[in-house]
Amino acid sequence: NDHLYLLPGLGVKEHSQIVAHHNRLRSRVKPMAANMQKMDWNEKLATLAKERATLCHKEPFLQHSSSFSHIGWNTHLSVVGAASFSDIIDFWFEEGKDFLYSSGQCKENATCQHYTQLVWATSSQVGCANQQCWRNGELWEIFVCAYYPGGNWEVNGELVMPYKSGLYCSLCTSSMSGCLRLWDHVGGLCEIPKNPCRMNCGEHGHLNISSCKCKCDLGFTGRFCQVRCNVQCVHGHFKEEECSCLCAVGYGGAECAGK
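This structure is a prediction, so every number in the text was calculated from the model and none was measured.

Observations regarding the state of the cysteines
Argument step 1. Under the criterion given, the structure shown has 8 disulfides.
Argument step 2. Between the sulfur atoms of Cys-128 and its disulfide mate Cys-145 the distance is 2.1 Å. Because the torsion about its S-S bond is 105°, the bridge between Cys-128 and Cys-145 counts as right-handed. Separated by 17 residues along the polypeptide, Cys-128 in strand 6 (residues 125-135) and Cys-145 in strand 7 (residues 138-148) bring together distant segments of the chain.

Quick look at the environment of Glu-191
Argument step 1. Along the chain, Glu-191 turns up in strand 11 (residues 189-191).
Argument step 2. For the pair formed by Glu-191 and Asn-35, sequence separation is 156 residues and the distance between their alpha carbons is 10.0 Å.

Structural notes on the environment of Tyr-148
Argument step 1. By the secondary structure assignment, Tyr-148 is in strand 7.
Argument step 2. On the basis of relative accessible area, Tyr-148 is assigned to the partly exposed category, the value being 23%.
Argument step 3. Expressed as a C-alpha distance, the spacing of Tyr-148 and Leu-45, which sit 103 residues apart in the sequence, is 8.0 Å.

Regarding the pairing of strand 3 (residues 72-79)
Argument step 1. Burial analysis of strand 3 places 6 of its 8 residues in the buried class, the great majority of the element.
Argument step 2. Here strand 3 runs beside strand 7; their pairing, made up of 8 bridges, is antiparallel. Bridge assignment links Trp-73 to a residue of strand 7, and that residue is Ala-146.

Structural notes on the nonpolar core
Argument step 1. Counting 29 residues, the largest nonpolar core has Val-29, Met-36, Phe-85, Leu-118, Val-119 and Tyr-163 as its most contacted members.
Argument step 2. At the level of secondary structure, the elements contributing two or more residues to this core comprise helix 1 (12-26), helix 3 (85-94), helix 4 (113-118), strand 6 and strand 7.
Argument step 3. Among the elements that line this core, the one with the most residues is helix 3, at 5 residues.
Argument step 4. Grouped together as the second largest cluster of nonpolar side chains are 11 residues, Phe-68, Ala-129, Val-144 and Ala-146 included.

Digging into the UniProt feature "domain: EGF-like" (unreviewed entry) in the protein
Argument step 1. UniProt records the feature "domain: EGF-like" (unreviewed entry) for residues 214-225 in the present numbering.
Argument step 2. In the segment residues 214-225, helix accounts for 0% and strand for 42%; the C-alpha atoms at its two ends are 7 Å apart.

Concerning helix 1
Argument step 1. Compared with an ideal rise of 1.5 Å per residue, which puts 15 residues at 21 Å, helix 1 spans 21 Å between its outermost C-alpha atoms and is within 8% of the ideal.
Argument step 2. For helix 1, the complete set of buried residues consists of His-15, Ile-18, Val-19, His-21, His-22, Asn-23, Leu-25 and Arg-26.

A short note on the pairing of strand 7
Argument step 1. Inspection of the sheet shows strand 6 paired to strand 7 by 11 bridges, in the antiparallel sense. Residue Gly-127 lies in a different strand from strand 7, and its bridge partner there is Ala-146.
Argument step 2. Hairpin remark: strand 6 followed by strand 7, antiparallel, with 2 residues in the connecting loop; positive phi at Asn-136, about 50°.

What about the pattern of salt bridges?
Argument step 1. Using the criterion set out here, one finds 2 salt bridges in the structure.
Argument step 2. In this structure, Asp-184 and Arg-24 form a salt bridge, with 2.8 Å as the shortest nitrogen-oxygen distance. Here the residue Asp-184 occupies a position in the loop between strand 10 (178-180) and strand 11, and Arg-24 occupies one in helix 1, the gap between them amounting to 160 residues.
Argument step 3. As a salt-bridge pair, Asp-40 and Lys-38 come within 2.7 Å of each other at their nearest N and O atoms.
Argument step 4. Classification of Asp-40 by relative accessible area gives partly exposed; the value is 29%.

With respect to helix 2 (residues 43-54)
In an α-helix, one turn spans 3.6 residues, which is why side chains three or four residues apart end up on the same side.
Argument step 1. When the terminal C-alpha atoms of helix 2 are compared, their 17 Å separation across 12 residues agrees well with the 16 Å that a helix rising 1.5 Å per residue should span.
Argument step 2. Leu-45, Ala-46, Leu-48, Ala-49 and Ala-53 are the residues of helix 2 that are buried. Projected onto a plane normal to the axis of helix 2, the buried residues spread over an arc of 160° and lie on a single side.
Argument step 3. In this fold, the buried residues of helix 2 make contact with strand 2 (40-41), strand 3, strand 6 and strand 7.
Argument step 4. Sitting at the amino-terminal end of helix 2 is Asn-42, which places a side-chain oxygen 2.9 Å from the backbone nitrogen of Lys-44.
Argument step 5. Among the residues trailing helix 2, Cys-56 stands out with phi positive, at a value near 50°.

Side note on unusual backbone geometry
Argument step 1. Put simply, Lys-30 and Pro-31 share a cis peptide bond, and its omega is -5°.
Argument step 2. For Asn-156, which is not glycine, the phi dihedral falls at a positive 50°.
Argument step 3. Here Asn-156 shows up in the loop between strand 8 (154-155) and strand 9 (158-159).
Argument step 4. The phi dihedral of Cys-212 falls on the positive side, at around 55°, and the residue is not glycine.
Argument step 5. The residue Cys-212 is located in the loop between strand 12 (205-208) and strand 13 (213-216) in this model.
Argument step 6. You can call Cys-212 partly exposed: its relative accessible area is 30%.

Cut-offs and rules
- Residues numbered from 1 in each chain as written.
- Predicted model: local features only at pLDDT ≥ 70, side-chain atom pairs only at ≥ 80, totals over all residues.
- Heavy atoms only, no water.
- Disulfide = S-S within 2.5 Å.
- Helix = DSSP H or I, 4+ residues; strand = E, 2+ residues; numbered from the N terminus.
- Buried < 20%, exposed > 50% of the residue type's maximum accessible area, 1.4 Å probe, protein only.
- Pairing = 2+ DSSP bridges.
- Core = buried A, V, L, I, M, F, W, Y, C linked by side-chain atoms within 4.5 Å.
- UniProt positions renumbered as here; feature names shortened; annotations may be inferred.
- Expected span 1.5 Å × (residues − 1).
- Salt bridge = Lys/Arg side-chain N within 4 Å of Asp/Glu carboxyl O.
- Arc of directions from axis to C-beta.
- Contact = heavy atoms within 4.5 Å.
- Polar contact = N/O pair within 3.5 Å; in protein donor to acceptor, adjacent residues only side chain to side chain.

Structure representation (structure tokens):
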């Protein structure tokens, strides 16, 4: 009497909300994290999460061979309509109150592995799915997130710490040299900067990444090429920043045209 109740897939808006929520919470760990990476949505992981969700916890999930070597999983089953995806992510994060960072252990008789996966510093890709299903005459909803690289590693039976504590972004690796800190973040997250200058030259300029300066199209000037400038220097040198002419000896006027 168990059967699936198919839900429409999560849309792009939900994807960005789930990622933003993960990143917001990852910036808020206590103690602060020095090497927490920014997470991005991964569509292949979302497909694997959907496959796992459609099983509705009925049978063991065998991950088929994929391009991911080690995936981490967070799942939650609740009565349908009781919680949103955002609520579930909060619920996973709240397990952190039972996680003792000083010892790297969870309090006795408590669960922390959803929290430690959510804040696993090197997990930088996430894909999630939800699914409704009937179980014993009741409609349930399962929430699944897949993470890569997966967290919750053990070495010699000891759980590895989910992140290193310290001033945010102070332990970003050289390849993760950017530091993302949004208005709703407490700490910063390590990221590979797509634009290390963190600036935009608008539609009338092109960014030189090595100098972090804008090269403006003809007729435009200003730091971001936002100023229209049509000065023609007949006998002189054009001063780009000021949209004016430095006249040659013996010439004057706005465009250095007069003797």
